[in-house]
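Residue-level structure breakdown
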Amino acid sequence: MNVKKLQLTDFRNYEHETFEYCDGINIVSGGNAQGKTNLLESVCLCCLGKSPRTDKEREMINYDADFARVNIEFTSRYGSADIAVVLSKKRKKAVAVNSVPILKIGELLGYLNAVYFSPDEIRVIRMSPADRRRFLDVDLCQADRSYYYSLVKYNKILNQRNNLIKKS
């Protein structure tokens, strides 16, 4: 899979920006607080439907804007495709693949895969087994959509069981 083009509109510190990538390795460099991590976050948003950095979508929208838009064009073994994510302060997030709306985030998984590894991910080594499982679950969900749905069911059942145990 290769990312060809990334367009950001009012996403964090980017007002209107387009990045075009070539085949092979692309290096993103710049000074501190220039938006390198925001750029990577936008790619992960298109891959996973959520940010690896925050659960609050409003934080990804530029302070002066009402919405943010991320468009990514890429090629995969199935050919060229694009994903668009629109975040709004007033409405739910909208996701589309090749201009077809996605109703459930699980439907997005597998189109474009990415592994987000930041300095914060050192917790995979230092912290709990739950953090290691979460890191692996994200990757496995991208590789196999049925794993994602099974994981969602498992977590729901686990929460129900734990709630029953607390009530007894």
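It should be noted that the structure appears before, not after, this text.
Residues numbered from 1 in each chain as written. Predicted model: local features only at pLDDT ≥ 70, side-chain atom pairs only at ≥ 80, totals over all residues. Heavy atoms only, no water.

**A look at the layout of surface pockets**
- In this model, the largest pocket occupies a volume close to 640 Å³.
- Lining of the largest pocket is provided by 25 residues; of these, V3, N26, V28, L40 and V43 occupy positions nearest its centre.
- Listed by contribution, the elements that provide at least two residues to the lining of the largest pocket are strand 1 (2–11) and helix 1 (36–48).
- Of the residues forming the lining of the largest pocket, the biggest block, six residues, is contributed by helix 1. (1 Å grid on protein atoms, 1.4 Å probe; cavity = no way out; pocket = protein on both sides within 12 Å on 5 of 7 lines; lining within 4 Å. Points joined across faces, edges and corners; volume = space filled by probe spheres on them. Helix = DSSP H or I, 4+ residues; strand = E, 2+ residues; numbered from the N terminus.)

**Details of the sheet that holds strand 4 (residues 79–88)**
- Ordered by their spatial adjacency, six strands build an open sheet running 2-1-3-4-5-6, and the pairing between neighbours is antiparallel. A strand with exactly one partner marks an edge of an open sheet, and here the two such strands are strand 2 (14–20) and strand 6 (100–102). Looking at each pair of strands side by side, their axes are set apart by 15° on average, direction ignored.
- Here strand 3 (residues 67–76) runs beside strand 4; their pairing, made up of 10 bridges, is antiparallel. Bridging from a neighbouring strand, I72 pairs with I83 of strand 4.
- The sheet contacts of helix 1 involve strand 1, strand 2, strand 3 and strand 4, and relative to strand 1 the element is tilted by about 110°. (Pairing = 2+ DSSP bridges. Axes fitted to C-alpha atoms, helices over the stretch in contact; angles between N-to-C directions. Contact = heavy atoms within 4.5 Å.)

**A word on the pattern of salt bridges**
- For the structure shown, the criterion picks out four salt bridges.
- With its nearest N and O atoms 3.1 Å apart, the salt bridge here joins R53 to E41. A residue pair is termed long-range when its members are at least 10 positions apart, and R53 in the loop between helix 1 and strand 3 and E41 in helix 1 qualify at 12 residues.
- A relative accessible area of 38% means that R53 is categorised as partly exposed.
- You can call E41 buried: its relative accessible area is 0%.
- Sharing partners across several salt bridges, the network here consists of R12, E41 and R53. (Salt bridge = Lys/Arg side-chain N within 4 Å of Asp/Glu carboxyl O. Buried < 20%, exposed > 50% of the residue type's maximum accessible area, 1.4 Å probe, protein only.)

Purely geometric numbers; function is a separate question.
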